[in-house]
Amino acid sequence: MPLAAPTTATSVYGPLAGPQSGTLSLAVVVLGSLLFAAAVLTLGYSLLAARRRRRRVPMRAALRSELLDRLYGRDDPAWDEWVAGLSAAERDELESLLDVYLRELDGRDADALAGLGRALGVHERARREIANGGYWDRTHALVWLALLRDAPDRDLLRTHCTETPRERAAAARILYAAETDDCATTGVDLLLRDEPESFSVFGVDTLYRVAERDPSPFFERAAADFARWPPALQRQALLVVRHLTTVVGDADLSWVVGSLSSPDPSVRSAAWRALGAYGWNRAVRDTVDLAAIAADPTPPVRASAYRALGTWGDAEAIAAIEAAGTADPDARARVTAAETLVSQRTSAEAVDPNDPPRADLGTDRTASANGRSVDETAAFDVAWAWAVEHARFDRLARDISRDRDRLHDEVRG
Amino acid sequence: MAKSAVIADDDETIRSILQYKLSNAGYDLTVCLDGEECRQALDEADAAPDVVVLDVMMPRMKGTQLLRTIRRGELAVDPEVPVVMLTSRGQEADVLKGLDSGADEYLTKPFSPNELLARIDRLVEA
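So, how was this worked out
- Residues numbered from 1 in each chain as written.
- Chains lettered and ligands numbered in written order.
- Predicted model: local features only at pLDDT ≥ 70, side-chain atom pairs only at ≥ 80, totals over all residues.
- Heavy atoms only, no water.
- Helix = DSSP H or I, 4+ residues; strand = E, 2+ residues; numbered from the N terminus.
- Buried < 20%, exposed > 50% of the residue type's maximum accessible area, 1.4 Å probe, protein only.
- Contact = heavy atoms within 4.5 Å.
- Areas by Shrake-Rupley, 256 points an atom, 1.4 Å probe, with all protein chains shown as cover.
- Pairing = 2+ DSSP bridges.
- Axes fitted to C-alpha atoms, helices over the stretch in contact; angles between N-to-C directions.
- UniProt positions renumbered as here; feature names shortened; annotations may be inferred.
- Buried area = accessible area lost by both parts, 1.4 Å probe.
- Salt bridge = Lys/Arg side-chain N within 4 Å of Asp/Glu carboxyl O.
- Polar contact = N/O pair within 3.5 Å; in protein donor to acceptor, adjacent residues only side chain to side chain.
- pLDDT = per-residue confidence, 0-100.
- Phe/Tyr/Trp six-rings, centres within 6.5 Å; stacked < 30°, edge-to-face > 60°.
- Patch = residues over 30% accessible without salt bridge, like charges linked within 9 Å, V, L, I, M, F, W, Y side chains within 5 Å.
- Lys, Arg positive; Asp, Glu negative; His and termini not counted.
- Charge placed at Lys NZ, Arg CZ, Asp CG, Glu CD.
- Core = buried A, V, L, I, M, F, W, Y, C linked by side-chain atoms within 4.5 Å.
- Right-handed = clockwise from strand over helix to strand, strands pointing away.

### Description of the overall build of chain A
At step 1: Across its full length, chain A carries 20 helices and 2 strands.
At step 2: Scored against the burial criterion, the 413 residues of chain A give a buried share of 43%.
At step 3: Considering only contacts in chain A between residues 6 or more positions apart, those separated by 24 or more positions represent 61%.
At step 4: A total accessible area of about 22100 Å² is found for chain A, and carbon and sulfur atoms account for 54% of it.

Put into structure tokens, the structure is as follows:
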């Protein structure tokens, strides 16, 4: 007879006996030990990190104060001398401070801070990381060089920084930040290399910046290749054009006008938004067929056209909105047309909610005129009344005069 | 008599730069960490700064919203107090919106603190 009953464990399927029970107990012990060890490690690491943070706060404050003193309080900041006397932890913290200050400062101060970057060895390290590092090392290095406005050799960028559109944009951004002569030519080449599907927001912004410096390389490339680009890239190129405005000079914009006929409605909308910025450019305007707006089958495209014409804002553009917008079959597009027309009125007093503009209508507004039904006219009346009311409230919200009570009564009245 | 300024920015780096430059230039400073704190500072009975420096994008109350409140005379501070807007936005529409709200000056980040100080001094001395 055994001295003790065999160890057993009970499960929903009945008692476990012998080796099975021992294995289960061992598993529980091992699992429990692992969980306990993980908890101890997590707690220990948290305490260590908190201690480090506590030590870094006064260190960072002291470094910040010294940095500002050297930057603004002396003729010669003597960065090398300062950095030579710092510990490794202090250098690490100072590099972090340099990063945030370089992002906020411009002009002479940024140039002075670049000297601190040299003293910390950032310039050389960044070049090494670009030449020998992995993707994230290179990205990190590119960010530093852009912050320090330090353009490396172009071959270094072309050879090592072309893996993704984002990396190419980061490389182009350095040239922009350093204000190099080839910022636009090399920048556009890098950005549009391998014809990306689309840019990141950073890429679009970088394209805008290099094109603003010199629009020719971008416009020449777009004139040649725009039709082959995917719609997402086309929209982004048009977005850049929209914001470049007077910088473009006499650049060839025929591809922008041509994109009004794109089979993709989002591209047509983007084209109208871009052209809205070119009301001053008579040569471009003369190539736009305003009569074709009403024939566009997509309401958001027509709405974009009304906004663009509103931005042009002259009599010819307003007449085109009145011709198409007051009879637009889509409610949202009608509201856009009404809002655009209301915004053209010189003052709130000039806008009568009960007297919307009429295009091609005779004096008898109750009857059908020029093929326009009474229903169409009534539909635009509703949009007009909404737009007038909205404009009044918007004006009240933005008004900064102390005559606010009068405005309040006017809107309520 | 010392000049005084109220600065409001939720970015510690910008605050440190403004504090350093303006205090070295002889300004007594009231430093606010967001728009609402600045609104309260400007609504105190003895609030009479020579200039106000506002960031546009701040927690709790945007700079443009606060600026309109000042210009409408809804706070204790003089509605005509010079205001400099400071923002990372550089689009024409944003600059126009800031100026429409009543800003006297508008600087975009990254900025030159020396330029900012020159503009502030010009406003205060005007």
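Resuming the write-up.
### Overview of the sheet that holds strand β3 (residues 51-55) of chain B
All names here are of chain B.
At step 1: Judged by pairing direction, the sheet is parallel, and its 5 strands sit side by side in the order β2-β1-β3-β4-β5 without closing on themselves. The outermost strands of the open sheet, each flanked by one partner alone, are β2 (27-32) and β5 (105-108). Averaged over neighbouring strand pairs, the angle between their axes works out to 20° when direction is ignored.
At step 2: Relative to β3, strand β1 (residues 3-8) runs parallel, the two being bridged by 4 bridges. Residue pairing for β3: alanine 8 is matched across the bridge by leucine 54.
At step 3: Where helix α1 (residues 12-24) meets the sheet, it contacts β1, β2, β3 and β4 (83-87), and its direction lies at approximately 165° from that of β2.
At step 4: The sheet contacts of helix α5 (residues 113-125) involve β1, β2, β3, β4 and β5, and relative to β5 the element is tilted by about 175°.

### Section: the UniProt feature "modified residue: 4-aspartylphosphate" (unreviewed entry) in chain B
All names here are of chain B.
At step 1: On the UniProt side, "modified residue: 4-aspartylphosphate" (unreviewed entry) is annotated at positions that read Asp55 here.
At step 2: In this structure, aspartate 55 sits in strand β3.
At step 3: Here aspartate 55 falls in the buried class, since its relative accessible area comes to 4%.

### Side note on the interface of chain A and chain B
At step 1: Chain A puts 22 residues into the contact, and the matching count from chain B is 26 residues.
At step 2: Summing the contributions of chain A and of chain B, the shared interface buries around 2000 Å²; its carbon and sulfur component is 51%.
At step 3: Summed over the shared surface of chain A and chain B, the result is 1 salt bridge.
At step 4: A salt bridge links glutamate 12 of chain B to arginine 64 of chain A, with the shortest nitrogen-to-oxygen separation between them at 3.3 Å.
At step 5: Where chain A packs against chain B, one counts 8 residue pairs in polar contact (both at pLDDT 80 or more).

### Notes on the side chain of histidine 123 of chain A
All names here are of chain A.
At step 1: Checked against the element boundaries, histidine 123 lands in helix α5 (residues 122-132).
At step 2: Overall, histidine 123 belongs to the buried group, its relative accessible area being 4%.
At step 3: If we ignore the near neighbours within four places in the chain, the residues touching histidine 123 are Ala114, Gly117, Arg118, Leu145, Leu148 and Asp150.

### Looking at the confidence of the model for chain A
At step 1: A residue-level look at chain A finds 87% of positions with pLDDT of 70 or above and a mean pLDDT of 87.
At step 2: Per-element confidence in chain A is highest for helix α14 (residues 265-275) of chain A, whose mean pLDDT is 97, and lowest for strand β1 (residues 8-11) of chain A, whose mean pLDDT is 51.

### Focus: the packing of aromatic side chains
All names here are of chain A.
At step 1: In the structure shown here, the tally under the stated rule is 10 aromatic pairs over all chains.
At step 2: Look at phenylalanine 218 and tryptophan 255: their rings are 6.1 Å apart centre to centre, the planes differ by 85°, and that puts the pair in the edge-to-face class. With phenylalanine 218 in helix α11 (residues 216-225) and tryptophan 255 in helix α13 (residues 254-258), the pair connects residues that are 37 residues apart, well separated along the chain.
At step 3: Take phenylalanine 218: its relative accessible area is 0%, and that puts it in the buried class.
At step 4: Tryptophan 255 sits in the buried class, given a relative accessible area of 7%.
At step 5: When the centroid spacing of 5.0 Å and the interplanar angle of 45° are considered together, the rings of phenylalanine 226 and tryptophan 255 count as tilted. Taken as a pair, phenylalanine 226 in the loop between α11 and α12 (231-244) and tryptophan 255 in helix α13 lie far apart in primary sequence, 29 residues in all. In this pair, the class of phenylalanine 226 matches that of tryptophan 255, namely buried.

### Quick word on the confidence of the model for chain B
At step 1: Taken over all residues, the pLDDT of chain B has a mean of 89, while the share at 70 or more is 95%.
At step 2: For this predicted complex, the interface confidence comes out at an ipTM of 0.77, alongside a pTM of 0.78.

### Quick notes on a negative patch on the surface
All names here are of chain A.
At step 1: Judged by side-chain charge, Asp75, Asp76, Asp80 and Glu81 come together as a negatively charged surface patch.
At step 2: Mapped onto the secondary structure, glutamate 81 falls in helix α2 (residues 79-84).
At step 3: Take glutamate 81: its relative accessible area is 59%, and that puts it in the exposed class.

### Things to note about the nonpolar core
Residues and elements named next belong to chain A.
At step 1: Core analysis: the largest hydrophobic core is formed by 78 residues, its most contacted members being Phe218, Leu238, Val241, Leu244, Trp255 and Trp272.
At step 2: Top contributing element to this core by residue count: helix α8 (residues 165-177), with 7 residues.
At step 3: Non-local contacts of phenylalanine 218, meaning those with residues more than four positions away in its chain, are made with Val188, Leu207, Ala211, Ala237, Val240, Val241, Leu244 and Trp255.
At step 4: The next biggest cluster of nonpolar side chains, apart from the first, holds 42 residues, and it includes Val83, Leu94, Leu105 and Leu116.

### Observations regarding the environment of leucine 157 of chain A
Residue and element names in this part refer to chain A.
At step 1: Along the chain, leucine 157 falls in helix α7 (residues 154-160).
At step 2: When the C-alpha positions of leucine 157 and arginine 138 are compared, they lie 10.0 Å apart, and in sequence the two are 19 residues distant.
At step 3: Sequence-distant contacts of leucine 157, defined by excluding residues within four places in its chain, comprise Leu142, Pro152, Thr162, Ala171, Ile174 and Leu175.

### Remarks on the pattern of salt bridges
Residue and element names in this part refer to chain A.
At step 1: Counted by the stated rule, this structure contains 35 salt bridges over all chains.
At step 2: Close ionic contact of arginine 221 with aspartate 225 constitutes a salt bridge, the shortest N to O distance being 3.3 Å. Of this pair, arginine 221 and aspartate 225 both sit in helix α11, 4 residues apart, which is roughly one turn of the helix.
At step 3: By relative accessible area, arginine 221 is classed as partly exposed at 21%.
At step 4: It is possible to trace a salt-bridge network through shared partners that takes in Asp189, Glu195, Arg221, Asp225 and Arg228.

### Description of the UniProt feature "transmembrane region" (unreviewed entry) in chain A
At step 1: Listed under "transmembrane region" (unreviewed entry) in the UniProt record, and renumbered for this structure, are residues 24-50 of chain A.
At step 2: Structurally, residues 24-50 of chain A comprises 100% helix and 0% strand, and the distance from its first C-alpha atom to its last is 39 Å.

### Quick word on the pairing of β1 of chain B
Residue and element names in this part refer to chain B.
At step 1: For β1, a buried count of 5 out of 6 residues is recorded, marking the element as mostly surrounded by other parts of the structure.
At step 2: Pairing geometry for β1 and β2, over 6 bridges, is parallel. If you follow lysine 3 over to β2, its bridge partner there is tyrosine 27.
At step 3: Traced from β1 through α1 to β2, the parallel crossover comes out right-handed.

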